[in-house]
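Residue-level listing of the chains:
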Amino acid sequence: MHCASLSLYRFGALTARAWVLGQMGLARWSLPRTPGLRFWKLCGSGTGEGFTPVPNTAVWAILATWDSEAVARQRVAHAPVYRRWADHADESWTVFLDPLAARGLWGGVAPFDGLAAAGCPWSQIGAAAGPIAALTRASIRPARALKFWDRVPDISATIGRDANVLFKIGIGEVPLMHQVTFSIWPDAASMAAFARADGPHARAIRAVREENWFREELYARFRILGDAGTWNGQSPLAPLETAA
């Protein structure tokens, strides 16, 4: 079974932040030579939980897809780029994901299509059992960027008040123009309830469609396979283990 991973790294010291900023260029040469790696992106983040246009030089991410979960876990633990980032970081966390369904493109590529042996049609995501992760990636039209970022604080506050969301972060490749949102929910029903509820998120979705905000969009849903490391001192998946 193919696998996706999202690895987050927190850098405290200014020297470490300067180092990882340089890695955004240097890692592009060595990361593609990692055996078993199929697709990858290096991303920065915004301040707070990432849902702002102000860059956060402390938090950086590597998103990747792999030949299998076993390969993903081995490479995240031992591949040179991942090892160097972890050694320089104050904290790191990786979540391993089984792609259930995806639609849209990322840089002209469909990175998650056909990865899951047990994938399901988009219309059946609501029937997926267990915790689920949602990823949205958008390339924002420059003329719509101000409108987009004017909406984001209200959306972030709303999702932050939702008792069901286990984890959320905003990352991106290019400040202001390329945005990735990632969140983890205990089940598909709670995720769908947030998405459909009338509020800032629903109004922003309508505006996206009516005013053509995005040049390119990607939506993906994943089953949670497990994680490694900590974020803010613990695993974000700990509430799931407690409930179980």
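Keep in mind the model is a prediction, meaning the values are calculated, not measured.

Colleague: Looking at this structure, how should I read the overall build of the protein chain?
Modeller: Assigned secondary structure in the protein chain consists of seven helices and eight strands. Going through the 244 residues of the protein chain one by one, you find that 49% of them count as buried. In the protein chain, the proportion of contacts linking residues at least 24 apart, taken out of those at least 6 apart, comes to 76%. Split by element, the accessible area of the protein chain, about 11,300 Å² in all, is 56% carbon and sulfur.

Colleague: Looking at this model, I keep getting lost on helix H3 (residues 80–88). Mind explaining?
Modeller: The periodicity of an α-helix, 3.6 residues per turn, causes residues three or four positions apart to be oriented the same way. All buried positions along H3 are accounted for by Val81, Tyr82 and Trp85. The arc that holds the buried residues of H3, viewed along the axis, is 95°, so those residues lie on one side. Looking at H3, the residues exposed on the side facing more than 90 degrees away from the buried face are Pro80 and Asp87. Buried positions along H3 lie against strand S1 (3–10), helix H1 (14–30), strand S2 (37–46), strand S3 (55–66) and helix H2 (69–78).

Colleague: Looking at this structure, how should I read the nonpolar core?
Modeller: Ranked by size, the top nonpolar core spans 28 residues in total, and within it Leu135, Phe182 and Ile184 carry the most contacts. If you list the elements that add at least two residues to this core, you get S1, S2, S3, strand S4 (91–104), strand S5 (132–140), strand S6 (167–172), strand S7 (178–185) and strand S8 (214–229). Residues contacting Phe182, with those up to four places away along its chain left out, are Leu6, Val95, Leu97, Ala133, Ala134, Leu135, Phe167, Lys168 and Ile169. Of all hydrophobic cores here, the second largest spans 23 residues; its members include Val20, Ala27, Val76 and Tyr82.

Colleague: Would you take a moment to explain the packing of aromatic side chains for this structure?
Modeller: Pairs of aromatic rings are described using the distance from one ring centre to the other and the angle between the two planes. Using the criterion set out here, one finds eight aromatic pairs in the structure. Within the aromatic cluster, the residues linked to one another by ring pairs are Tyr9, Phe11, Trp19 and Trp85.

Colleague: In this structure, what is going on with H2? I would like to understand it.
Modeller: Of the residues making up H2, those classed as buried are Ala72, Arg75 and Val76. End-on, the buried residues of H2 take up no more than an arc of 100°, which puts them together on one face. Exposed residues on H2 whose side chains face more than 90 degrees from its buried face are Ala70 and His78. The elements touched by buried residues of H2 are S1, S3, H3 and S4.

Colleague: Could you clarify how one ought to interpret the pairing of S2 in this entry?
Modeller: The side chains of a regular strand alternate between the sheet's two faces. Judged by how many residues are buried, S2 sits mostly within the fold: seven of ten residues are covered. Bridge analysis of S2 against S3 gives eight bridges, and the strand direction is antiparallel. Bridge pairing in S3 links Cys43 to Ala61. Alignment of S2 against S6, held across two bridges, turns out to be antiparallel. Its bridge partner being in S6, Gly44 is matched across the sheet by Gly172.

Colleague: Got a minute to help me understand the packing of H2 against H3 in this structure?
Modeller: The angle between the axes and the distance between the axes are what describe a pair of packed helices. With their axes 5 Å apart at the nearest point, H2 and H3 run at an angle of 50° to one another. The angle between H2 and H3 falls in the class oblique. In this structure, H2 uses Arg75, Val76, Ala77 and His78 to contact H3, whose residues at the interface are Pro80, Tyr82 and Arg83. Classifying every residue of the contact of H2 with H3 gives four nonpolar, one polar and two charged.

Colleague: Looking at this structure, how should I read the pairing of S3?
Modeller: Judged by how many residues are buried, S3 sits mostly within the fold: ten of twelve residues are covered. Taken together, the eight bridges between S1 and S3 define a ladder with antiparallel strand orientation. If you follow Ala4 over to S3, its bridge partner there is Thr65.

Colleague: When you look at the packing of H1 against H3 in this model, what are you seeing that I'm missing?
Modeller: In the contact formed by H1 and H3, the axes pass within 11 Å of each other and the chain directions differ by 180°. The angle between the axes of H1 and H3 places the two elements in the roughly antiparallel class. Contacts from Ala16, Trp19, Val20, Gln23, Met24, Ala27 and Ser30 in H1 reach Val81, Arg84, Trp85 and His88 in H3. Taken together, the residues that form the contact of H1 with H3 break down as seven nonpolar, three polar and one charged.

Colleague: It is not clear to me how the side chain of Ser7 should be interpreted in this structure. Could you clarify?
Modeller: Turning to its location among the elements, Ser7 is positioned in strand S1. Engagement of the side chain of Ser7 in a polar contact is seen with the side chain of Thr94, the distance being 2.7 Å. For Ser7, the residues in contact, after removing those within four places along its chain, are Trp60, Ala61, Ile62, Val76, Tyr82, Trp93 and Thr94.

The rules behind these values
Residues numbered from 1 in each chain as written. Predicted model: local features only at pLDDT ≥ 70, side-chain atom pairs only at ≥ 80, totals over all residues. Heavy atoms only, no water. Helix = DSSP H or I, 4+ residues; strand = E, 2+ residues; numbered from the N terminus. Buried < 20%, exposed > 50% of the residue type's maximum accessible area, 1.4 Å probe, protein only. Contact = heavy atoms within 4.5 Å. Areas by Shrake-Rupley, 256 points an atom, 1.4 Å probe, with all protein chains shown as cover. Arc of directions from axis to C-beta. Core = buried A, V, L, I, M, F, W, Y, C linked by side-chain atoms within 4.5 Å. Phe/Tyr/Trp six-rings, centres within 6.5 Å; stacked < 30°, edge-to-face > 60°. Pairing = 2+ DSSP bridges. Axes fitted to C-alpha atoms, helices over the stretch in contact; angles between N-to-C directions. Parallel < 35°, antiparallel > 145°, perpendicular 65-115°, else oblique. Nonpolar A, V, L, I, M, F, W, Y, C, P; charged D, E, K, R; others polar. Polar contact = N/O pair within 3.5 Å; in protein donor to acceptor, adjacent residues only side chain to side chain.

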